[in-house]
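Reading the structure
If you want the building blocks of each chain, they are given just below.
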Amino acid sequence: MADNHSKEVRSMNMAHIRSTNSKPEEIVRKYLFSKGLRYRKNVRSLPGKPDIVLRKYKTVVFVNGCFWHKHDCGRFVMPSSNVEYWTKKINSNVKRDKEQSELLKSQGWKVIVIWECQLKKKIREQSLLNLYEEIIK
Ligand SMILES: [Zn+2]
């Protein structure tokens, strides 16, 4: 796997590690916890193994990386090497995300995705507040 990482992706990962002190999922979990919400994490018994599961609100939250899940935000750039490999890989991620989300919804779950780019320092607070309100609505 590591060998398939192009230089672009490696530098993107490094940039990400440098730009945040903790992982995006941790930022979101800490915030929700501070708001008094209780959750389980990485629940394997549910489709897509959601990052955060709030049973009380019948809600699951996915914290998605813009590259791996092809967010239409400008952060997603197809690597210029191994194009075929990456196109296939990323498109299958997107397809799986969609299938899993539909499955969860059919089981009565509210599915919320929060994107890595929404957790940039400048807009993080607002994004987290929006997420919280969406959960408890
Ligand atoms: Zn994004």
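Below: a short report on this structure. (Residues numbered from 1 in each chain as written. Predicted model: local features only at pLDDT ≥ 70, side-chain atom pairs only at ≥ 80, totals over all residues. Heavy atoms only, no water.)

Among all positions of helix α2 (residues 24-34), only P24, E25, I27, V28, R29, Y31 and L32 are buried. Positive phi shows up at G36, right after α2, with a value of about 90 degrees. (Buried < 20%, exposed > 50% of the residue type's maximum accessible area, 1.4 Å probe, protein only. Helix = DSSP H or I, 4+ residues; strand = E, 2+ residues; numbered from the N terminus.)

Turning our eyes to something else, we now look at the pattern of salt bridges. For the coordinates displayed, the defined rule picks out four salt bridges. Among the ionic pairs, E26 bridges to R29, the shortest N-O distance being 3.0 Å. You can see E26 and its partner R29 sitting in helix α2, three residues apart, about one turn around the helix. When the shortest N-O distance is used, the salt bridge between K98 and E102 registers 3.6 Å. Residue K98 and its partner E102 are both found in helix α3 (residues 83-106); the two are separated by four residues, about one turn of the helix. Look at K98 and you get exposed, because its relative accessible area is 52%. (Salt bridge = Lys/Arg side-chain N within 4 Å of Asp/Glu carboxyl O.)

Those protein atoms acting as donors to the zinc ion are C66 (SG), H71 (ND1), C73 (SG) and C117 (SG), and they sit at 2.0 to 2.4 Å. Along the chain, the residues donating to the zinc ion are arranged with the sequence spacing C-x4-H-x1-C-x43-C. (Donors = N, O, S within 2.8 Å, 3.2 Å for Na, K, Ca; no water.)

Bringing the sheet that holds strand β3 (residues 59-64) into the picture now. What the four strands build is an open sheet, ordered β1-β2-β3-β4; its pairing is mixed. Because the sheet does not close on itself, it has two edges, and the strands there are β1 (40-41) and β4 (110-115). By the bridge criterion, two bridges tie β1 to strand β2 (residues 52-54) in an arrangement that is antiparallel. Each residue of the ladder has a partner; that of R40, found in β2, is V53. (Pairing = 2+ DSSP bridges.)

Glancing now at the packing of α2 against helix α4 (residues 121-136). Viewed as axis vectors pointing N to C, α2 and α4 meet at an angle of 60 degrees, and their least axial separation amounts to 11 Å. The pairing of α2 with α4 is recorded here as oblique in orientation. Considering the relative orientation of α2 and α4, their crossing is right-handed. Residues I27, V28, Y31 and L32 of α2 touch α4, and the partners they reach there are R124, L128, L129, L131, Y132 and I135. Residues belonging to the contact of α2 with α4 are distributed by class as follows: nine nonpolar, no polar and one charged. (Axes fitted to C-alpha atoms, helices over the stretch in contact; angles between N-to-C directions. Parallel < 35°, antiparallel > 145°, perpendicular 65-115°, else oblique. Left-handed = near helix turned anticlockwise from the far one by under 90°. Contact = heavy atoms within 4.5 Å. Nonpolar A, V, L, I, M, F, W, Y, C, P; charged D, E, K, R; others polar.)

Here the focus is unusual backbone geometry. Positive phi, normally seen in glycine, also occurs at N42, with a value near 45 degrees. Its place among the elements puts N42 in the loop between β1 and β2. Even without being a glycine, N82 presents a positive backbone phi close to 50 degrees. The residue N82 is located in the loop between β3 and α3 in this model. Since its relative accessible area comes to 44%, N82 is described here as partly exposed.

Okay, the nonpolar core next. With 16 residues, the main nonpolar core has V28, L32, V61, I114, L131 and I135 as its most contacted residues. At the level of elements, α2, β2, β3, β4 and α4 are the ones that each hand at least two residues to this core. L46, V53, L104 and W109 belong to the second-largest nonpolar core, a separate cluster that totals eight residues. (Core = buried A, V, L, I, M, F, W, Y, C linked by side-chain atoms within 4.5 Å.)

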